[in-house]
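# Architecture and fold: a report
Here is how the chains run, residue by residue.
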Amino acid sequence: MAPAAMRTAARSLSDAKPVSFWLDDPGKPDALPALTGDEHCDLLVVGGGYSGLWTALIAKERDPERDVVLIEGHEVGWAASGRNGGFCAASLTHGLPNGLERWPDEIAKLEELGERNLDAIEAAVARYSIDCEFERTGEIDVATQPHQLEELQEWHQEAEKLGFTGLEFLDRDALRAEVDSPTFLGGLWDRRGVAMLHPAKLAWGLKRACLDLGVRMYEHTRGLELARSTASMAVRTPYGRVFARRVALGTNIFPSLVKRVRPYTVPVYDYALMTEPLTAGQLASIGWKNRQGLGDSANQFHYFRMSADNRILWGGYDAIYPYGGRLSADLDQRPETFLKLAGQFFDCFPQLAEVRFSHAWGGAIDTCSRFSAFFGTAHQGRVAYAAGYTGLGVGATRFGADVMLDLLAGEKNERTTLEMVRSKPMPFPPEPFAWAGIELTKRSLARADDNGGHRNLWLRTMDRLGLGFDS
């Protein structure tokens, strides 16, 4: 970055709060008391992010008499559910290309289930009056390099041949008529498959809906240990225990209470900036009228979208894996990444050179080697888990909740018979091999971005094995 550009980027960050914009909201609900003593229930849900909240809510919708308890180690929506970009995608497979490559025989069913899942989220937001700024405006995959434009064109043609017709190709002029950046060469617009929302308000709304349906909820109550106890399962917490006939684990990136699941995920720290509200003149200069979400097509990609009060969220690019999979609040702030992101923002939108950032934050994503969720049971079917959403959990966690409840009920249906549900990704190796492999993959992806998309031997080998690393 040139010295003048670096000074502009640094100046734009000088007043940024080191906290998620979404969580820095006066409407944040008060925390509920921690569990003290023993509890008994039919279903215990561990985790108060989207995965756990949807599981508790759907469990009560399926059977209002079911006695459901949810425990959360910090506060509802505090982790990834309150720090993400607010892209709620229909895709259950981290995008159609990834799903088609991994489950070609099931992709039509997976796409249908994903569309139904997004429709169900939209319906639940309306049914429970969740004010989460839900806008089904779609998402545009943007090409900023010639090879990316060629790849988008080829993919659009292939998708149409396969019968997937919901994508619209935009050439340079058509794209810049939607959102104006001198870096944009073209794009692919999925008009219905993605909604924008306020992620923390969705979590808080789901919390309220669960409580209204009778879910008993305890915050600041971490699940420490899982064990069999006669005919039930017992989860130990700092000040008590919960005895439950069935347990659903929605802990995602946090260490699973089923230890054999832990090697399947690693934490990836992702970072984002939020601008101050744009003026009418600034909005006019970029012409972003239809409020779509956008993401560029690089391996090291950015995602960006408008908030309800006309701020721009700008995130992505760096995906940081801490050695040993360490989770720490210290990693939520990374000034060198924020500076890089700010400079890249002004490269994309030079007409917004005077804009400043109000918030800068990061958080951990649970990534797995196939980029999309995996599922399973333990303790003779008394415990179910879902994890590995790899950045697309805002929508897919609701599907995962359905799957966990199906598995706990022993149901054989259109979800549980999917190869995607019945199979597992390749686990990550132990250290130091995990760190070395991830670093080599990241460097190879960066070189591919700088070399016309050409993938070196390491990436081609990973492709053949169906392995990868993403955020």
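This text follows the structure it describes.
So, here's what we can say about the structure. (Residues numbered from 1 in each chain as written. Predicted model: local features only at pLDDT ≥ 70, side-chain atom pairs only at ≥ 80, totals over all residues. Heavy atoms only, no water.)

## Topic: the side chain of Glu39
- Here Glu39 is to be found in strand 1 (residues 37–46).
- Judged by relative accessible area, Glu39 falls into the buried class, the value being 12%.
- Excluding residues within four positions of it along the chain, Glu39 makes contact with Val69, Arg216, Tyr218, Arg241, Val242 and Phe243. (Helix = DSSP H or I, 4+ residues; strand = E, 2+ residues; numbered from the N terminus. Buried < 20%, exposed > 50% of the residue type's maximum accessible area, 1.4 Å probe, protein only. Contact = heavy atoms within 4.5 Å.)

## Quick word on the nonpolar core
- In this structure, Leu43, Trp54, Phe134, Leu202, Leu206 and Phe375 are the most contacted members of the largest nonpolar core, which totals 52 residues.
- Contributions of two or more residues to this core are made by strand 1, helix 2 (50–62), strand 2 (68–71), helix 4 (107–127), helix 7 (199–212), strand 18 (383–387), helix 10 (393–409) and helix 11 (419–422).
- With eight residues, the top contributor of residues to this core is helix 10.
- When sequence neighbours within four positions are dropped, the list of residues in contact with Phe134 reads Leu118, Ile121, Glu122, Val125, Ala195, Met196 and Leu197.
- Phe184, Leu273, Trp314 and Ile320 belong to the second largest nonpolar core, which has 36 residues in total. (Core = buried A, V, L, I, M, F, W, Y, C linked by side-chain atoms within 4.5 Å.)

## Examining the sheet that holds strand 4 (residues 139–143)
- As summarised here, the arrangement of the eight strands in space is 5-6-4-13-14-15-12-16, forming an open sheet in which the pairing is mixed. Because the sheet does not close on itself, it has two edges, and the strands there are strand 5 (167–170) and strand 16 (357–367). Between one strand axis and the next, the sheet turns through 20 degrees on average, direction left out of account.
- In this sheet, strand 15 (residues 312–316) lies alongside strand 14 (residues 302–306) in antiparallel orientation, the contact comprising five bridges. By the bridge assignment, Phe304 is partnered in strand 15 with Trp314.
- Helix 5 (residues 146–161) rests against strand 4, strand 5 and strand 6 (186–190) of the sheet, and its axis sits at about 145 degrees to strand 5. (Pairing = 2+ DSSP bridges. Axes fitted to C-alpha atoms, helices over the stretch in contact; angles between N-to-C directions.)

## Topic: the pattern of salt bridges
- Within the structure shown, the criterion is met by 34 salt bridges.
- Close ionic contact of Asp332 with Arg83 constitutes a salt bridge, the shortest N to O distance being 3.0 Å. With a gap of 249 residues between them, Asp332 in the loop between strand 15 and helix 9 (335–348) and Arg83 in the loop between strand 2 and strand 3 (87–89) connect regions that are remote in the sequence.
- The buried category is assigned to Asp332, whose relative accessible area is 15%.
- For Glu414, the salt bridge is made with Lys109, and the minimal N-O distance between the two is 3.2 Å. Of this pair, Glu414 sits in the loop between helix 10 and helix 11 while Lys109 sits in helix 4, and the two are 305 residues apart along the sequence.
- Bridged by salt links that share partners, the residues Arg62, Arg398, Asp402, Asp406 and Arg415 form one connected network. (Salt bridge = Lys/Arg side-chain N within 4 Å of Asp/Glu carboxyl O.)

## What to know about the pairing of strand 10 (residues 232–237)
- In terms of residue burial, strand 10 counts as a mostly covered element, since five of its six residues are buried.
- Where strand 9 (residues 225–229) meets strand 10, five bridges bridge the pair, whose relative direction is antiparallel. Its bridge partner being in strand 10, Ser229 is matched across the sheet by Ser232.
- Connecting the antiparallel pair strand 9 and strand 10 is a turn made up of two residues, with Thr230 showing a positive phi of about 55 degrees.
- By the bridge criterion, five bridges tie strand 10 to strand 11 (residues 240–249) in an arrangement that is antiparallel. Across the sheet, residue Thr237 finds its bridge partner in strand 11, namely Gly240.
- Between strand 10 and the antiparallel strand that follows it, strand 11, lie two residues.

Remember that the coordinates give geometry; whether it matters functionally is a separate question.
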